[in-house]
Amino acid sequence: MNSLRWSLVALGLLATQWAVAAEKRDPDLLPEEVSFLFGEEPTTAPEPAPRTADGHPDLSGFWKGSRATTPVGNIGKDLPGFKLPLTPAGQAALQHNLTKTIDPEALCIIGGIPRHSASALPFEIVQNSNRVVFLYIYTYFRSIPVDGRKHSQDPDPTFFGDKVGWWEGDTFVIDSVGFKGAPIWIDENANPQSDAMHATERWTRPDASHLHLDLTVDDPKFYTKKFTYSRTWLLGKPGEELKEYSCSENNVDRAHLGPGPGPIRKDGTRGYDVPPLPAVPPSPEDYEKAGK
Amino acid sequence: MRVYLAVLLVCMSASPTWAHHSFAAEFDGAKPVRLIGTITRIEWTNPHSYFYLDVTDSKGKVTNWACESGNPGALSRRGWKKGDIKYGDKLIVDGYLAKDGSKFIDARRVTLPDGRVVYGGSAGDGGPGDTGSNSK
């Protein structure tokens, strides 16, 4: 009985602290959610990268973004001022995306690459001697053959492109062409990509805890020159894995969505620089009375 | 009680979340709103969870509002479980009106029937107060 009483007291205290904490953090996220979304740097010297039986680095694992690497969702992350070298056609495609195109991912259309690498969302890699498979959080995948084959002569345009992979020492190279054309968002900021894009990814696992990408985008229709993008992911905790996600299960909001990603902040991310919610916001009636 | 706590902790460490679309594509950051109403429907689904409230105005007119919030995994990690709300419960929901003028809001701050206050938004959607340091 005493035990039950103390449990009740402890729960009451926890609930009170929790409510206070929630109010303090509101509207930001709780630490549990942040630690789910982002990986953590190891606190001790990382182990060497594991290797497969055929001697290559094993890229397999559940990989998470780093909170220290910003901005997320911006393919111009590594360019001065995040400024992409757009051609006039690229500028027109960007304007179209900003003003006429609803975010394809919000309509449950595959984001493809490079978009999945521009975001810091977690993903999983499964590797064997003749395939490297990327499993993405939106329940999409790409499976890269590593068997010496060349690109198809006339590939069907796809969101992930026609891809082939090979090893150069400890670097896994993925070469992709044959992408679908506009209107596709290359990143969350609605930057464009065309069907002429050629993406070259160079993946390394410098140690057991880190996975690194150096990406080169060559898209002469929309960009005046090649540009590069790099990101490092951190190994997830044991037991972490992707969960089922069905984008079109109940996509109520698709009927309410407008075009574009909204305002882009100076730091290259999307969002408003306005105060969070007032303590007591107005009621719908207040808006009616004000004629808004 | 211990079982309840254990379940809670497990829920808080499970399943993914992310912004399915930017806040600005759907909601008006300049139009914060408070709804106080009774739950008529709950949809614990992807890509968002929804609940619907009957809100009665000062003249007695009842309007049904849709409230959009994060996906079930995200809400669980914040301590909001499916069983915490049920039809007929009264909720206070602070959020933002939809740009298209429909009876539809982003449920950003939700006061649950037991008094807990839960962040209901989608991580990294760029809405007011979002830090922009999230994953999308």
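Only a predicted model underlies this, so the values are computations on that prediction, with no experimental measurement involved.

Colleague: For the overall build of chain B, give the residues involved together with the corresponding values.
Modeller: Along the backbone of chain B there are two helices and six strands. In sequence order, chain B lays out its α and β elements as α-β-β-β-α-β-β-β. When each of the 136 residues of chain B is scored for burial, the buried share is 51%. Nonlocal contacts in chain B, meaning residues at least 24 apart in sequence, comprise 58% of its contacts between residues at least 6 apart.

Colleague: Give me the lowdown on the overall build of chain A, citing residues and values where you can.
Modeller: Tallying secondary structure elements over chain A gives five helices and nine strands in all. Ordered by position from N to C terminus, the α and β elements of chain A give α-α-β-α-α-β-β-β-β-β-β-β-β-α. Within chain A, the proportion of its 292 residues that are buried is 34%. Across chain A, every contact between residues at least 6 apart in sequence was considered, and the portion connecting residues at least 24 apart equals 62%.

Colleague: Provide a residue-level description of the environment of W233 of chain A, including the pertinent values.
Modeller: Residue and element names in this part refer to chain A. Along the polypeptide, W233 turns up in strand β9 (residues 227-235). In sequence terms W233 and G61 are 172 residues apart; their C-alpha atoms lie 11 Å from each other. In this view, W233 contacts G39, W63, K64, G65 and L211; residues no more than four positions away in its chain are not counted.

Colleague: Run through the pairing of strand β8 (residues 210-218) of chain A, naming residues and quoting values.
Modeller: Residues and elements named next belong to chain A. Two strands pair when backbone bridges link them, and strand β7 (residues 198-207) and β8 are joined in this way by eight bridges, in the antiparallel orientation. Counterpart to E201 in the pairing with β8 is L215. Adjacent in sequence and paired antiparallel, β7 and β8 are bridged by two residues. Here eight bridges tie β8 to β9, and the two strands are oriented antiparallel to one another. Counterpart to L215 in the pairing with β9 is Y229.

Colleague: Lay out the confidence of the model for chain A in plain terms, naming residues and giving numbers.
Modeller: Chain-level statistics for chain A give a pLDDT mean of 88 and a share of 88% at 70 or above. Counted against residues more than four places away or in other chains, residues 6-27 of chain A, with its pLDDT under 50, gives 24 contacts.

Colleague: Can you explain unusual backbone geometry? Please cite residues and give values.
Modeller: All names here are of chain A. Residue P71 is bonded to the preceding T70 through a cis peptide linkage, with omega at -5 degrees. Residue position: P71 is located in the loop between β1 (61-64) and α3 (88-100). Residue I113 is joined to P114 through a cis peptide bond whose omega torsion reads 5 degrees. Position of P114 among the secondary structure elements: in the loop between α3 and α4 (115-118). Of note, F82 is a non-glycine position whose phi angle comes to about 60 degrees, a positive value. Relative to the assigned elements, F82 resides in the loop between β1 and α3. If you check the backbone angles, T139 has positive phi at about 65 degrees while not being a glycine. For T139, the location among the structural elements is in the loop between β3 (131-136) and β4 (141-145). For T139, a count of 14 C-beta atoms within 10 Å gives the class partly exposed.

Colleague: Summarise the environment of A68 of chain A; cite the residues concerned and give the values.
Modeller: Residues and elements named next belong to chain A. Along the chain, A68 turns up in the loop between β1 and α3. The exposed category is assigned to A68, around which 10 C-beta atoms lie within 10 Å. For the pair formed by A68 and H96, sequence separation is 28 residues and the distance between their alpha carbons is 32 Å.

Colleague: I'd like a description of the sheet that holds strand β5 (residues 162-168) of chain A, backed by residues and values.
Modeller: Residue and element names in this part refer to chain A. Judged by pairing direction, the sheet is antiparallel, and its nine strands sit side by side in the order β4-β3-β2-β1-β9-β8-β7-β6-β5 without closing on themselves. Strands at the two margins of the open sheet, each flanked by one partner only, are β4 and β5. Each strand axis lies, on average, 25 degrees off the axis of its neighbour in the sheet, ignoring direction. Relative to β3, strand β2 (residues 123-128) runs antiparallel, the two sharing six bridges. By the bridge assignment, V126 is partnered in β3 with V133.

What counts as what
Residues numbered from 1 in each chain as written. Chains lettered and ligands numbered in written order. Predicted model: local features only at pLDDT ≥ 70, side-chain atom pairs only at ≥ 80, totals over all residues. Helix = DSSP H or I, 4+ residues; strand = E, 2+ residues; numbered from the N terminus. Buried ≥ 20, exposed ≤ 12 C-beta atoms within 10 Å, placed from the backbone. Contact = placed C-beta atoms within 7 Å. Pairing = 2+ DSSP bridges. pLDDT = per-residue confidence, 0-100. Axes fitted to C-alpha atoms, helices over the stretch in contact; angles between N-to-C directions.

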